[in-house]
Every structure is written in structure tokens, then in C-alpha cells.
Amino acid sequence: MSASADKRSAYADRRADAGPPFFDLLRLPGVGWFLRQRWARLGMQIPLLLLSVVLVWHGFLGPDLAPKNLATLLTWVHYRGLLVLVLLVAGNFFCMACPFLLPREIARWIFRPVWNWPVRLRNKWLAVALFVLLLFAYEYFGLWSTPFWTAWLIVAYFAGALVVDALFRHASFCKWVCPIGQFNFLASTLSPLEVAVRDLNQCVECRTKDCICGPPASETAADAGRLALPLLAKRGCELALFQPMKVGNLDCTFCLDCVHACPHDNVGLVTRMPGAELAAEEPRSGLGNPLTRPDLAALAIVFTFGALLNAFGMVSPVYVLQAWLSGVLGTTERAPILAILFAVALIVEPVLLLGLAAWWTRRATGTALSLPRLATRYAYSLVPLGFGVWLAHYAFHFLTGALTVVPVLQNALAEIGWPVLGQPNWEFTGMRSGSVFVLELGFLTLGLVGSWIVAIRLARKDQPSAPWRAYLSWVVLQSILWAAAIWLLAQPMEMRGTFLGD
Amino acid sequence: MKMMQRFLVFLAIAPMTILVPSGCSKSSTDGAPDVKVELRMSPDPPTVGQGTATVTLTDKDGGPLRGATLKLEGNMNHAGMKPVFADAKELDPGKYEASVNLTMGGDWFFLIDAVLADGRRLKRKIDVPGVKSR
Ligand code: SF4
Ligand code: SF4
Ligand SMILES: [Cu+2]
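Computed from a predicted model, the values in this text were never measured in an experiment.

A.B. asks: Any details on the overall build of chain B? Residues and values, ideally.
C.D. replies: When you go through chain B residue by residue, the secondary structure sums to one helix and seven strands. Taken from the N to the C terminus, the helices and strands of chain B come in the order α-β-β-β-β-β-β-β. For chain B, the proportion of its 134 residues judged to be buried stands at 43%. For chain B, contacts bridging at least 24 residues in sequence account for 58% of all contacts bridging at least 6. Approximately 7,300 Å² of chain B is accessible, and the part contributed by carbon and sulfur atoms is 58%.

A.B. asks: Lay out the site of ligand 2 in plain terms, naming residues and giving numbers.
C.D. replies: Around ligand 2 sit 13 residues in total, of which Cys237(A), Cys252(A), Cys255(A), Leu256(A) and Cys258(A) are the nearest. A class-by-class count of the residues in the shell around ligand 2 yields nine nonpolar, two polar and two charged.

A.B. asks: So what's going on with the packing of helix α17 (residues 317–329) of chain A against helix α18 (residues 334–365) of chain A? Residues and values would help.
C.D. replies: Residue and element names in this part refer to chain A. Two elements in contact, α17 and α18, have axes separated by 10 Å at closest approach and are oriented at 115 degrees. Every pair of crossing elements has a handedness; the one defined by α17 and α18 is right-handed. Note on element contacts: α18 touches α17 through Ile-337, Leu-338, Ile-340 and Leu-341, opposite Val-318, Leu-321, Gln-322, Leu-325, Ser-326 and Leu-329. Taken together, the residues of the contact of α17 with α18 sort by class into eight nonpolar, two polar and no charged.

A.B. asks: Quick one: what's the story with the domain arrangement of chain A, residue by residue and with numbers?
C.D. replies: All names here are of chain A. Segmentation of chain A into domains returns domain 1 (3–279) and domain 2 (290–490). Taking the mean C-alpha position of each, domain 1 and domain 2 sit 24 Å from one another. Counting from both sides, the interface comprises 40 residues of domain 1 and, opposite them, 46 residues of domain 2. Carbon and sulfur atoms supply 80% of the area buried between domain 1 and domain 2, which totals about 4,000 Å² over both sides. Here domain 1 and domain 2 share six residue pairs in polar contact (both at pLDDT 80 or more) between them. Among the secondary structure elements, those contributing two or more residues to the side of domain 1 that touches domain 2 are α3 (40–61), α4 (70–89), α7 (125–140) and α10 (179–187). Take the side of domain 1 that touches domain 2: its biggest share by element is 12 residues, from α4. Of the residues in the side of domain 1 that touches domain 2, the class split is 28 nonpolar, eight polar and four charged.

A.B. asks: Tell me about the coordination of the copper ion (ligand 3), and name the residues and values.
C.D. replies: All names here are of chain A. Of the protein atoms, only Met-314 (SD), His-393 (NE2) and His-397 (NE2) coordinate the copper ion (ligand 3), at distances of 1.9 to 2.1 Å. Look at where the donors of the copper ion (ligand 3) fall in the sequence and you get M-x78-H-x3-H. Residue Met-314 is located in the loop between α16 (294–312) and α17, and its partner His-397 is located in helix α20 (residues 383–401); the two are separated by 83 residues in the primary sequence.

A.B. asks: Provide a residue-level description of the pairing of strand β7 (residues 121–131) of chain B, including the pertinent values.
C.D. replies: Within a regular beta strand, the side chains point alternately toward one face of the sheet and then the other, so they alternate between its two faces. Residues and elements named next belong to chain B. As paired elements, strand β6 (residues 105–115) and β7 share nine bridges and run antiparallel to each other. The residue bridging Val-115 from the neighbouring strand is Arg-121, located in β7. Between the end of β6 and the start of β7, which pair antiparallel, lie five residues, with Gly-119 showing a positive phi angle near 95 degrees.

A.B. asks: With reference to specific residues and values, describe the packing of aromatic side chains.
C.D. replies: A complete count under the given rule lists 24 aromatic pairs over all chains for this structure. Aromatic pair Trp360(A) and Trp468(A): ring centres 6.5 Å apart, planes at 50 degrees, arrangement tilted. One end of the pair, Trp360(A), is in helix α18; the other, Trp468(A), is in helix α23 (residues 467–490), and 108 residues separate them in sequence. Members of the aromatic cluster, joined through ring pairs, are Phe60(A), Phe136(A), Tyr140(A), Phe141(A), Phe148(A), Trp149(A), Trp152(A) and Phe342(A). Positioned above the aromatic ring of Phe109(B), the side-chain terminus of Lys125(B) is 5.1 Å from the ring centre.

A.B. asks: Could you give an account of the layout of surface pockets, naming the residues involved and the relevant values?
C.D. replies: Rolling a probe over the atoms, with the probe sized like a water molecule, indicates the empty space that remains. All names here are of chain A. Put simply, the largest pocket is a space of about 950 Å³. Lining the largest pocket are 43 residues, with Tyr-79, Arg-80, Leu-83, Phe-94 and Ile-180 positioned closest to its centre. At the level of secondary structure, the elements contributing two or more residues to the lining of the largest pocket comprise α3, α4, α5 (93–96), α7, α8 (147–167), α9 (172–177), α10 and α20. Residue contributions to the lining of the largest pocket peak at nine residues, all from α4. Each residue belonging to the lining of the largest pocket can be placed in one class, and the counts come to 34 nonpolar, seven polar and two charged. When residues of the lining of the largest pocket are sorted by domain, at least three fall in each of domain 1 (3–279) and domain 2 (290–490).

A.B. asks: Describe the side chain of Asp257(A), listing the residues and the values that go with them.
C.D. replies: All names here are of chain A. In this fold, Asp-257 is placed in helix α15 (residues 257–261). For Asp-257, a relative accessible area of 9% corresponds to the buried category. At 2.8 Å, the side chain of Asp-257 forms a polar contact with the side chain of Arg-235. Residue contacts for Asp-257: discarding those within four places in its chain leaves Arg-235, Gly-236 and Glu-238.

A.B. asks: An account of a nonpolar patch on the surface is requested, with residue identities and associated values reported.
C.D. replies: All names here are of chain A. Judged by side-chain polarity, Leu-321, Trp-324, Val-328, Leu-329, Ile-340, Val-344, Ile-347, Val-348, Val-351 and Leu-352 come together as a nonpolar surface patch covering roughly 920 Å² of accessible area. Looking at the nonpolar patch, the elements with two or more residues in it are α17 and α18. Looking at the nonpolar patch, the element that brings in the most residues is α18, giving six residues. Among the secondary structure elements, Val-328 is positioned in helix α17.

A.B. asks: Which residues make up α17(A), and what are the values?
C.D. replies: Residue and element names in this part refer to chain A. If you check α17, its first and last C-alpha atoms are 18 Å apart, about what 13 residues at 1.5 Å a residue would give, namely 18 Å. Among the residues of α17, those classed as buried are Pro-317, Val-318, Tyr-319, Gln-322, Leu-325 and Ser-326. Where α17 terminates, the next one or two residues include Gly-330, which has phi positive at roughly 65 degrees.

A.B. asks: I'd like a rundown of the pattern of salt bridges, residues and numbers included.
C.D. replies: This model, assessed by the stated rule, comprises 26 salt bridges over all chains. Asp113(B) is the salt-bridge partner of Arg121(B), the closest N and O atoms lying 2.7 Å from each other. The class for Arg121(B) is partly exposed, based on a relative accessible area of 41%. Owing to a relative accessible area of 23%, Asp113(B) belongs among the partly exposed residues under this scheme. When salt bridges that share partners are traced, they join Arg104(A), Glu105(A), Arg108(A), Asp165(A), Arg235(A), Glu238(A) and Asp257(A) into one network.

A.B. asks: Before we move on, can you summarise the environment of Tyr394(A) with the specific residues and values?
C.D. replies: All names here are of chain A. Positionally, Tyr-394 belongs in helix α20. Along the primary structure Tyr-394 and Glu-440 are separated by 46 residues, whereas in three dimensions their C-alpha atoms are 9.6 Å apart. Setting aside anything within four residues of it in sequence, one finds Tyr-394 in contact with Arg-80, Gly-81, Val-84 and Asn-310. Reaching out from Tyr-394, the side chain makes a polar contact with the side chain of Arg-80 at a distance of 3.3 Å. Within the structure, Tyr-394 has its side chain in polar contact with the side chain of Asn-310 (distance 3.2 Å).

A.B. asks: How would you summarise the environment of Leu231(A) if you had to cite specific residues and measurements?
C.D. replies: Residues and elements named next belong to chain A. When you line up the elements, Leu-231 lands in helix α14 (residues 229–232). Separated by 86 residues in sequence, Leu-231 and Pro-317 have C-alpha atoms that sit 49 Å apart. Excluding residues within four positions of it along the chain, Leu-231 makes contact with Leu-42, Leu-102, Glu-105 and Ile-106.

Each value, and the rule that gives it
- Residues numbered from 1 in each chain as written.
- Chains lettered and ligands numbered in written order.
- Predicted model: local features only at pLDDT ≥ 70, side-chain atom pairs only at ≥ 80, totals over all residues.
- Heavy atoms only, no water.
- Helix = DSSP H or I, 4+ residues; strand = E, 2+ residues; numbered from the N terminus.
- Buried < 20%, exposed > 50% of the residue type's maximum accessible area, 1.4 Å probe, protein only.
- Contact = heavy atoms within 4.5 Å.
- Areas by Shrake-Rupley, 256 points an atom, 1.4 Å probe, with all protein chains shown as cover.
- Near = heavy atom within 4 Å.
- Nonpolar A, V, L, I, M, F, W, Y, C, P; charged D, E, K, R; others polar.
- Axes fitted to C-alpha atoms, helices over the stretch in contact; angles between N-to-C directions.
- Left-handed = near helix turned anticlockwise from the far one by under 90°.
- Domains from an automatic or database assignment.
- Buried area = accessible area lost by both parts, 1.4 Å probe.
- Polar contact = N/O pair within 3.5 Å; in protein donor to acceptor, adjacent residues only side chain to side chain.
- Donors = N, O, S within 2.8 Å, 3.2 Å for Na, K, Ca; no water.
- Pairing = 2+ DSSP bridges.
- Phe/Tyr/Trp six-rings, centres within 6.5 Å; stacked < 30°, edge-to-face > 60°.
- Lys NZ or Arg CZ within 6 Å of the ring centre and 35° of its normal.
- 1 Å grid on protein atoms, 1.4 Å probe; cavity = no way out; pocket = protein on both sides within 12 Å on 5 of 7 lines; lining within 4 Å.
- Points joined across faces, edges and corners; volume = space filled by probe spheres on them.
- Patch = residues over 30% accessible without salt bridge, like charges linked within 9 Å, V, L, I, M, F, W, Y side chains within 5 Å.
- Salt bridge = Lys/Arg side-chain N within 4 Å of Asp/Glu carboxyl O.
- Expected span 1.5 Å × (residues − 1).

Okay, structure coming up:
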């Protein structure tokens, strides 16, 4: 076997035999042209940074009324809603345009980080904890109802990214810390677009591997005189994803550094089968095999059950439950009550349900895999459903409330004495919740079918002769969660910050 | 030299991320802080749907304040919903009533904007938490 044939098999990717990609966004005129420019990311980050400054300013100094404040409105209605919708129809474009990274780029002019992220923390456990903490803070502070804390959250994000990335090299914040990033990584496994090589054979011939190593020193030196260099520097993937060995969207921020770095113009933004990567077994660059990684599986579980918990937090039964807990515990302190709710929803419930499903699979198939390993493996089959729940929930808020931005903006400008948009017209709202409910059902069902398919694909590998033995329990579990989600979203909404003591 | 230049750019931009929140939110100023405002909802506890808001205005000696023109604006405490507006009518001396439609369960607040008989402008925010969904 020749060396290059050897490499080719090492680079074997599902795409290798699939031929050239069917659609490549980067080849389009317009959008494609824009994204091919080295300043494309910067060109999206700068407006979003300015917008963040406006949000923080309004959050701190504008009206302390969530429905009239840009910080609460744009963060909890628009940003979240657009985020999930763009992930559904395209890909991780919000990481691509993320403004939190801009101060960090600027800081790196001065502080050249010298440390590498600690080896012990090179897993998703910290991010899992922060993700849960964010969900907890959301309920505890009633973030959706307070412009002040929402503004603080934005500031904390900027500060976090700045500090972590001023100290540690590469994209440590994105890869190991940022809870929104992890959300986007998981959700983007269901996206139709992916950053991938166009022609694997080109990679086999490639000597320099700029997509991961960054451009050769000579090229960097030639650029070095320019002031703008650090912001527009070519570099290899900061998330340790080596193109020819990259599978899927996990851990990819769509930063397009690899696109700009590859000297052979061999990286595209191409279509693929959404969700297929959730059942992909081959080792991935920068990730290993997710199907054997408990930390990533925990993330998938928290992502799915967190979606249900987050939706549960705004329907009326949650208050009945909380009032009951409050009576049982004899306290009106919210923290312990919420903590119990979180522990049940994000630990007890998943352990029981996934344990049971894994137990059935083990019994029915006689596999040698332990229960935790089975649960880890099949946890990824919950991700499509989890994404469906996030989608249904956030699309609901977005679609029913998107247009309120018009009067809120009018009001904000009028209050600073510059009513260029006229007096607020509060008639603007959005779609009726009845028609959005149909859409919600669609998202949930799409998610359920996606989850079934992932489970069945995994089961086909595990038990080729009788896959149903392996997937039955998972399909049942997913269907139960789906039914629970429908029940949840059909409940009367009751968005409350103060559930006790009134 | 270049270091200096970079440092200055950084200095200029860094505060954006470390914005010290100055001052608290200012709600539009209330021109009659001595007036006592009470809001009662019926049904009580408030429930989704058509209901009545009764506002009582009393002066600092507890006497009713007649002849005010009073507007109500109901909002939920989260963003993305249409506010409800209502003009209140004085039924009994100092007692103003408006019919309001609470469109969703959850925490509400009402902004009360009144022009008093003496010409002063009163502005208050009163919470109406826990509107029951049906
Ligand atoms: S630099 Fe380009 S051609 Fe070389 S390995 Fe990376 S993607 Fe392939
Ligand atoms: S450089 Fe890495 S993170 Fe950025 S788009 Fe390429 S693969 Fe994704
Ligand atoms: Cu909600």
C-alpha cells in the first residue's frame, strides 16, 4: 500500500465515496463571495458588537421594564429565536458572527496567551456545568424579566471570553467553556450545512496542512507589518479540527479560518444529511469518537432534558409543583426548590429513563456493553428531539413577538429625546399563538422522527440481524419525551418570576 | 511604539466589555409622590380574560382624589407581548374603574398614568403577579 493510499484510508470520511458536494455555499455569488473574504467574520462581528453595546446600555440605563427594554427583548425573543431557526435551516452562523470574540481578538494584540488549556479540563464537563448554571440563573433571576441582569449576562459573557482567551491559547473559550457554543455545536449536528473539504484527494497530496497548522511562517511574516493583522490573520483551526479528518459540525464554530488558510481552496461550506453525524462511529479530529465519550453524552442529555425543563419553567403546572415543594420543605426560598427541580429533571430523570432503556437494549441484544456505555452511545439519539423542543419553544416566542421590536425601538428613541421613528405603535406584535402551535407540533415531530432514525441507525450496527431489539426501548423513550413536550407546550403559558410569597 | 499604539486601541475598546453599570433604572418621573395609589383586580385572584381594574387615589390624609383623568397600561413582565390599554372612569369619588383584558397567565404589571385635578401628572408602576391561566 502506498503512503498516499494509506492516508486516503485514514481520511476516509462518509463523503469520500459520495463524490463532490452537491451544494457549496461558498461558491455562490453574493453570500458566497462575502464569506470568502478574510474580513467576513469581522464584518459580522462589528455590527453585533455595536448592537451588544446598545443592549448593555439600554439594559442598565433604559426602562426597568422587560417588555420595553431592548436588552430583554432582543436577547430573549430575537436572538434565541433566530439562533435556533438559523441552525435549523443553515448552520452555526451565530458562532461565526459571535461578537464576544472581538474584544478577545483585540486583547490578543497585547497579551499573547502562552498557556494551553489544562489537559484535565479538555472535556465538556465544565461546559456541561456552565450550561446547567445558565439555565438555573435564567430561572432563578427570572432573566427574561429583568433588563438589568440580562445586561449583566452579556457583560459577563464578554468578560469571560476575554479573560479565558487572554490567558489560554487557541479558541479555549469556545471549545471548553462557552455554554452557548456547546448548545450551537449540538444543535448544528442537525444543520444542513457543514464546513468540509471539497476533494479529499487534494488533502492527500497536501504537504503543509495549513487548515490546521496555520500558514507557513514566511507568509505570516509578510503580513506582519499591517496593523490589522491580528484581526485578519490567517490561522489554522483554533478548535483543533483537521479538515480531512473532520466529521460533522461538533465543535465547529463556522469561523472559516480553515477556508482562508487552505492554500488549495479546498474547504467549502457544503450540504450534508442533517443528523447523520449523530450515529457516525469513525474517530473525529479534535473529538475522538463521541459515541464513547461520557462528557459529550452528558451534554447531549442536558441539552435534551434541559429543553423540556426550560419549557416547563413557563407553563402553569410548574407553579403548582413549586408551591407543593415549598410546602413540603417548609421554605419559600427559591434556590433549594429550584435546585431540587433541576436535580430531578437533569439527573434523576435521565439516569432512570436512559438506564431503563439501556437495560432493555442490553437484555434484548445480549451485548457486552455496560449500561453506562450503552446510555452514552444512544444518548445522541435524543439530540434531534431536544433540538425540536428548543425550536418549538424559542420559535414560539420569536414568531409571536418579533414585531414588538418596532414600538420598543420607537419608545427607546423617544425616551432619549430623538423620536425619529415616531411615537410607539404598540399594535405591532407577531403571529397568533394558535397558528404558531401548528408549527411547534411540526418541529417536535420532525425532532422525534430524527431521533428515531438516529436510534435505528445505531441499532443496525449493534444488532444487524434484529435491530429492533436494540432500538425499541429508545424509540419508546423518545416517543414518551415527545408526548411530554407536546403536553408541555399545550399548557397555558404562565411566565412568572415570582412564584412564591405573593 | 507599536505596542503603545495597540495598548491605546485596547484601552479605548476594553471599557465596552467592562461597562460599569452606573445608576439604576429611572422610570419616568412621578409628579405626585405624596398620592397613594391602590390597584385592585377583579376577579381576585386575577385570571386570564376580561376583568376589571379598580384604582383608588387618596391624598396624604386619606381623602379621595376626585376628577383625575386616568390611563392604564398593562404589560407582562417578559418581552414580546402586546400591552393592553384602558381609560378608567371615576365611579365613586376617588375610585376609578377600567375594564382590562388579561391575555396570558403569569406576572403582569400596570402602568398608571393620571392627570390629577390640580394638574399634576402621576405615574406609577404596580405589579399584578400570578395572573391565573384558565
Ligand atoms: S490545507 Fe487544505 S488541502 Fe491541505 S489538508 Fe487542509 S484542507 Fe486539505
Ligand atoms: S477553522 Fe475549525 S472551527 Fe473554524 S470553520 Fe474551520 S473547522 Fe470549523
Ligand atoms: Cu418560554
